Amino acid sequence: MSDPEDPLAPPAGAPAGIFGPDGRPRFFTDAAVDRFVASLLNLAAEVWIQEERLAALEAKEGGGAKDPEVALKAFIDRVFAPLRES
Amino acid sequence: MSLELRHEMKPSLTAEEAARGRFVSGLRRFVLNDLAADLRSAYERRVEPAFERAHGRPPADGGEVHKAMRADPAFQTYSAVRVQAQKMVWACVAPTVERERQRRQEIAGKAQASPGSLTLDPSLRAPRNVTAIDVHLMPGSYTGGEAMDAGAVYDQGLAVFSMGLMGDNLDDIGSSMAAYIAHRFPDFQPARILDLGCTIGHNTLPWKIRYPKAEIHGIDVAAPGLAYGSTRAKLQGQELHFHQMSADALGFPDSTFDLVFSSMFLHELSGKTRAKVFKEAHRVLRPGGLMLHMELPPNSQMSAFDGFYLDWDCYYNEEPFYKGYRDEDPEILCLNAGFSSEDFFSFVAPSIGIAGEDALAVAAASATPLPVRDRTTGRLAEGVSWFGYGAWRR
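Residues numbered from 1 in each chain as written. Chains lettered and ligands numbered in written order. Predicted model: local features only at pLDDT ≥ 70, side-chain atom pairs only at ≥ 80, totals over all residues.

**What about the overall build of chain A?**
Looking only at helices and strands, one finds two helices and zero strands in chain A. Its C-alpha atoms give chain A a radius of gyration of 20 Å, more than 25% over the compact-globule value 12 Å for 86 residues. Here chain A holds 86 residues, and the buried ones make up 13% of them. (Helix = DSSP H or I, 4+ residues; strand = E, 2+ residues; numbered from the N terminus. Rg over C-alpha atoms; globule rule 2.2 N^0.38 Å. Buried ≥ 20, exposed ≤ 12 C-beta atoms within 10 Å, placed from the backbone.)

**Here we look at helix 7 (residues 172-184) of chain B**
Taking 1.5 Å of rise per residue, 13 residues should cover 18 Å, and helix 7 of chain B covers 18 Å from first to last C-alpha, within 8% of that figure. All of the buried residues in helix 7 of chain B are Asp-172, Ile-173, Gly-174, Ser-175, Ser-176, Met-177, Ala-178, Ala-179, Tyr-180 and Ile-181 of chain B. (Expected span 1.5 Å × (residues − 1).)

**Some details on the nonpolar core**
All names here are of chain B. Judged by nonpolar contacts, the single largest core of 129 residues is most densely connected at Val-153, Met-177 and Val-260. Looking at this core, the element that brings in the most residues is helix 3 (residues 73-99), giving 14 residues. In this structure, Met-177 is in contact with Ser-263, Leu-292, Met-294, Ala-349, Trp-386 and Gly-388, ignoring residues within four places of it in sequence. (Core = buried A, V, L, I, M, F, W, Y, C linked by C-beta atoms within 7 Å. Contact = placed C-beta atoms within 7 Å.)

**What about the interface of chain B and chain A?**
Accessible area lost when the parts come together is the quantity often used to give the size of an interface. Tallying the contact residues gives 42 residues for chain B and 32 residues for chain A. In terms of residue count, helix 1 (residues 15-55) of chain B provides more of the side of chain B that touches chain A than any other element does, 14 residues in total. In terms of residue class, the side of chain B that touches chain A is built from 20 nonpolar, twelve polar and ten charged. (Nonpolar A, V, L, I, M, F, W, Y, C, P; charged D, E, K, R; others polar.)

**Examining the confidence of the model for chain B**
Across chain B, the average pLDDT comes to 94, with 99% of residues at 70 or higher. Overall fold confidence (pTM) sits at 0.95, and the ipTM for the predicted complex is 0.96. (pLDDT = per-residue confidence, 0-100.)

**Looking at the pairing of strand 6 (residues 285-295) of chain B**
As a general feature of sheets, a regular strand has side chains that alternate between the two faces. Residues and elements named next belong to chain B. Of all eleven residues that make up strand 6, eight are buried, and the element is covered over most of its length. Strand direction decides the pairing type here: strand 5 (residues 257-263) and strand 6, joined by six bridges, are parallel. Within strand 6, the residue paired with Leu-259 across the bridge is Leu-290. Each parallel crossover has a hand, and for strand 5 linked through helix 10 (residues 271-284) to strand 6 it is right-handed. Where strand 6 lies against strand 8 (residues 385-392), six bridges are found, and the strand directions are antiparallel. In the strand pairing of strand 8, His-293 is matched with Tyr-389. (Pairing = 2+ DSSP bridges. Right-handed = clockwise from strand over helix to strand, strands pointing away.)

**Quick look at helix 3 of chain B**
All names here are of chain B. Here helix 3 is 27 residues long and its end C-alpha atoms lie 40 Å apart, about the 39 Å a rise of 1.5 Å per residue gives. If you look at helix 3, its biggest bend is around 30°, right at Val-93, and the proline Pro-95 turns up within four residues after that. When you tally the buried positions in helix 3, you get 19 out of 27 residues, the bulk of the element. (Bend = angle between axes of the 7 residues up to and from the residue.)

**Some details on unusual backbone geometry**
Residues and elements named next belong to chain B. Look at Leu-170: it is not a glycine, yet its phi comes out positive at around 60°. Tracing the backbone through its elements, the reader meets Leu-170 in the loop between helix 6 (149-161) and helix 7. Positive phi is not limited to glycine here, since Thr-199 has a value of about 50°. In this fold, Thr-199 is placed in the loop between strand 2 (192-196) and helix 8 (205-210). With 25 C-beta atoms packed within 10 Å, Thr-199 lands in the buried category.

**What to know about the packing of helix 3 of chain B against helix 6 of chain B**
Residue and element names in this part refer to chain B. At a closest axis distance of 9 Å, the pairing of helix 3 and helix 6 adopts a crossing angle of 130°. The angle between helix 3 and helix 6 falls in the class oblique. Note on packing geometry: the crossing formed by helix 3 with helix 6 is right-handed. Residue-level inspection shows Val-89, Trp-90, Cys-92, Val-93, Ala-94, Thr-96 and Val-97 of helix 3 in contact with helix 6, the latter providing Asp-149, Ala-152, Val-153, Gln-156, Gly-157, Val-160 and Phe-161. Tallied by class, residues from the contact of helix 3 with helix 6 come to ten nonpolar, three polar and one charged. (Axes fitted to C-alpha atoms, helices over the stretch in contact; angles between N-to-C directions. Parallel < 35°, antiparallel > 145°, perpendicular 65-115°, else oblique. Left-handed = near helix turned anticlockwise from the far one by under 90°.)

Below you can see the structure in the form of structure tokens.
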């Protein structure tokens, strides 16, 4: 039985197999999918950064400024639509 | 939205850093609104009916919901995205914090002569619940990096993390609690206030604003946050006194304070430490003083699904004592520390930043306290409200 005072012990009632061999949370049957999700999100961040900076340049050249918060919401909804439940 | 800090140590962001922070805030909003809605829908449409077919009853508690949800794709997607979004919070501010280290030190140097104090204790060893894990997945936890780095990471990270729902000075919890107490107990005028586990003092500051004549103290075990918080308070013209101290062994004499407060602190402590903290709070309170805690609502006041939803952080956000705390009864915690049942009260306070001061006044004046609302109490969501409880010392 794990020590309830030890912060490194699995929390009480933790289902079996929720942590991978590296001690980190694991959600998918194949741990590679967890890593792939992380990479996908990092990539999306990089694409957004380019999009926001490009929009700023276009605005400077008279293209009309867009609200970046509104543009980001549309970007996230568009890119991550496949993650939603239908 | 990613919040812009209100004090002089706010970072000068490059265009890339600003865009990265905005993205991470937006991603968190997507997870906590859209994917969280999918999670609930998956539970109601698939997981709960399947559980009932197998067991002849619905899940009894959050633990059973958790086990049943593990294999569902909505849980897997929500969780994998939420964990990475949390890591991205800290990753997006770390380069800025490192780049601006020298500037922060210069600002701190200039602010040093302002009213307020910082008392560090180099002999104090931070406990393992702070040093052994990356609390909230924050690399290095509250003690990492150089000088004030961990404080700066926390402040800037919280600005991204909070999506604008924790106040424009990240003080919504403290402001809401202080306003609620002031409206509910108008004759209570605390002269000395102590904030336990105050980190950077963001929720300590509102007590000084609400009770400007009071002497305000904040304690924490982690020096980087205290040093940063002390400067942060001075830059905002508020006289606060910060001490490096453990809440389970306070270096104050008996009957020192009129109000002992904490926010989002107790769930970070092991059961034994938590019990000691309550006893110390009782000891340093003067008779007639108030102990007040803002925390996550207990599992006993939530549905099985919503208990599971909040307890997610216990397993996946490096907060190992979270569920253990939420399984406890706040009143019993107070009684075990020497408070009386008739002096105990609990309440739900609307967010002052969202609902406004008038809503808090109405809530405080109501004979029937607002109930814990599964979808908004203690949860960063539209209409957020905060759960609090406390007891008067006789």
